[in-house]
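This is what each chain is made of:
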Amino acid sequence: MRLILKLIIIFIFSTSVLALEKGETEITTEDGIEVFQNEKYYLLKKNVKILSDTFSLNADLVKIDFDKSLYDIVELNAEGNVDFISPEFKLNGNGEKLRFEVNIEKLKVEGIKSELITEDIEMFSDGYIEVNNINGNFSLIGPNSKLINETILIKGNSIKGIFSSKEDQKEVIFLDVFDDKISYVKNNDTEMFAKKIIFNNEISLIELIDDVTIIRDGEKITGNYGTLDTKNNSYKIKSNDKTKVKVIIQNNE
Amino acid sequence: MIIFSKRLSMINLEISDSKINIPNADISKPKFTINNETKKIYVTANKGNFLNNNEILLKDNVRFKSNEFSIETEKVIFNRDNQTAQSKTKSLFKSKNTTISSDGFDIFDSGDRIVFYGKSFVILK
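What counts as what
Along every chain, residues carry numbers that run from 1 in the direction the sequence is written. For this description, chains carry letters from A and ligands carry numbers from 1, given in the order in which they are written. In keeping with the model being predicted, local features are shown solely for residues with a pLDDT of at least 70 and side-chain atom pairs are shown and tallied solely at 80 or more, while totals for entire chains, interfaces and linings include all residues. Side-chain numbers here rest on the full set of heavy atoms in the structure, without hydrogens or water. Each residue is assigned to one of three classes by its accessible area relative to the maximum for its type, calculated with a 1.4 Å probe on protein chains only: buried under 20%, partly exposed between the two thresholds, exposed over 50%. Under the DSSP-based scheme used, a helix requires at least four consecutive residues in state H or I and a strand at least two consecutive residues in state E, with every element numbered from the N terminus. The rule for pairing is simple: two strands pair if DSSP sees at least two bridges between them. The quantity known as pLDDT measures the predictor's confidence residue by residue, on a range of 0 to 100. Between two residues, a contact is recorded if the distance between any of their heavy atoms is within 4.5 Å. What qualifies as a polar contact is a pair of N or O atoms within 3.5 Å, subject to a donor-acceptor requirement within protein and to the restriction that residues adjacent in sequence count only when both atoms come from side chains. Aromatic rings from Phe, Tyr and Trp, taking only the six-membered ring of Trp, are treated as a pair when their centres fall within 6.5 Å; an angle between ring planes under 30 degrees marks them as stacked, one over 60 as edge-to-face, and anything in between as tilted. Put simply, a salt bridge is a Lys or Arg side-chain nitrogen that is within 4 Å of an Asp or Glu carboxyl oxygen. Note that Gly is not counted as nonpolar here; it falls among the polar residues with everything else outside the nonpolar set of Ala, Val, Leu, Ile, Met, Phe, Trp, Tyr, Cys and Pro and the charged set of Asp, Glu, Lys and Arg.

Caption draft 1: Region of interest: the pairing of strand β9 (residues 91-95) of chain B. All names here are of chain B. Judged by which residues are buried, β9 turns out to be one-sided: Ser-91, Phe-93 and Ser-95 face inward and are buried, whereas Leu-92 and Lys-94, on the alternate face, are not. Two elements, β9 and strand β10 (residues 98-102), share five bridges in a ladder whose sense is antiparallel. Paired with Phe-93 across the strands is Ile-100, a residue of β10. Hairpin connection from β9 to β10: two residues lie between these consecutive antiparallel strands, with Asn-97 at a positive phi of about 60°.

Spelled out as structure tokens, the structure:
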């Protein structure tokens, strides 16, 4: 029964995709469209489905700003149960709101349980996730912000960074993480806590500022400032005058 | 043969008709022009009936056409006073690389704002 259901779904999806000519975008709405010619935007209302040969998007309400004519899309704003998928760009996500600025290739997903998943990186936030595809800048701002890739896990209220411009892989080359409670980075076998964490791939350095804790191999070291060299996996912790570096060696046996 | 010849008092709205008589129609082949600051919209149909002083029911092959777009449908109530139009019949909007089909439409603000009703379908090329 499940197999039949799957086959039906695949068939419906396939015929819908096949109905589109290359480069065409098909939009359906349940409650109509409002076109504002002077203001150059249109509203797509209720249960909106957008399907093109490179992506699909579903939302409750979509506002599209255009330039010369309706097809000439400048910006897309979607609200309510937004989800999207782009097999071509190996990208999918969801959130309460989405904004895509076409010319500058800037994508923002906003709201509780926002997600943006690419082939290499997964991003989550209860605030917003913003990615600029042209310059590689990205931000995750708000509670429960989290970025995961194959080698690193980052948590913090504010995660700002830059992806490399390599086409084949979206590698993180710079990171600035801040959380006034505590930020968290896990890299290979090392867990790092600090209010502010900065990673610079060019000099292979992770810098930890304020309320620093590094945990590795059962060893827990705390201080005020620390650095981790990602090339040789070595770290240093410093303390200011009033406090001292504290080492706790845990016996896990 | 009844010949209707009406000239509306509004400055930016013109109405004319041909001399062909169609039964049950107050106006045959009516033509209107809606002007706003930026564009002219030509409105044509096969038949027209006056509903009251301001409203005209346009029927059969009703078409709104400007330099930017056209809309085709079967029935439209056109208000010559405030220059609005309302249709509850299947409508097809066409502009460059865009088509919209809907269950009807409203035109407000001299054509600057168009609302398409019901389940609507858009193709962008």
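Next comes the rest of the write-up.
Caption draft 2: Molecular detail of the confidence of the model for chain B. Residues and elements named next belong to chain B. Across chain B, the average pLDDT comes to 82, with 82% of residues at or above 70. The model gives residues 1-21 a pLDDT under 50, and that stretch makes 41 contacts with residues more than four places away or in other chains. Listed scores for the predicted complex are pTM 0.81 and ipTM 0.80.

Caption draft 3: The arrangement of the side chain of Ser-145 of chain A in detail. Residues and elements named next belong to chain A. As for its position among the elements, Ser-145 is in the loop between β11 (137-141) and β12 (146-148). Engagement of the side chain of Ser-145 in a polar contact is seen with the backbone oxygen of Gly-142, the distance being 2.7 Å. Dropping the residues within four chain positions of it, Ser-145 is found in contact with Phe-124, Ser-125, Leu-140, Ile-154, Lys-155, Gly-156, Asn-157 and Ile-159.

Caption draft 4: Quick look at the packing of aromatic side chains. Within the structure shown, the criterion is met by eight aromatic pairs over all chains. With a centroid separation of 4.3 Å and 25° between ring planes, the pair formed by Phe-138 of chain A and Phe-163 of chain A is classed as stacked. Remark: Phe-163 of chain A occurs in strand β14 (residues 158-163) and Phe-138 of chain A occurs in strand β11; sequence separation between them is 25 residues. Like Phe-163 of chain A, Phe-138 of chain A is buried. Between Phe-64 of chain B and Phe-105 of chain B, the ring centres sit 5.6 Å apart and the planes meet at 90°, which makes this aromatic pair edge-to-face.

Caption draft 5: Seen up close, the interface of chain B and chain A. Chain B puts 24 residues into the contact, and the matching count from chain A is 21 residues. Along the contact surface separating chain B from chain A lie one salt bridge. Salt-bridge contacts for Glu-34 of chain A lead to Arg-113 of chain B; the nearest nitrogen and oxygen are separated by 2.8 Å. If you tally residues by element for the side of chain B that touches chain A, the top one is strand β13 (residues 120-124) of chain B, at five residues. Of the residues contributing to the side of chain B that touches chain A, the split by class is eleven nonpolar, seven polar and six charged. Bridge analysis of strand β2 (residues 33-36) of chain A against strand β12 (residues 113-116) of chain B gives four bridges, and the strand direction is antiparallel. Bridge pairing in β12 of chain B links Val-35 of chain A to Ile-114 of chain B.

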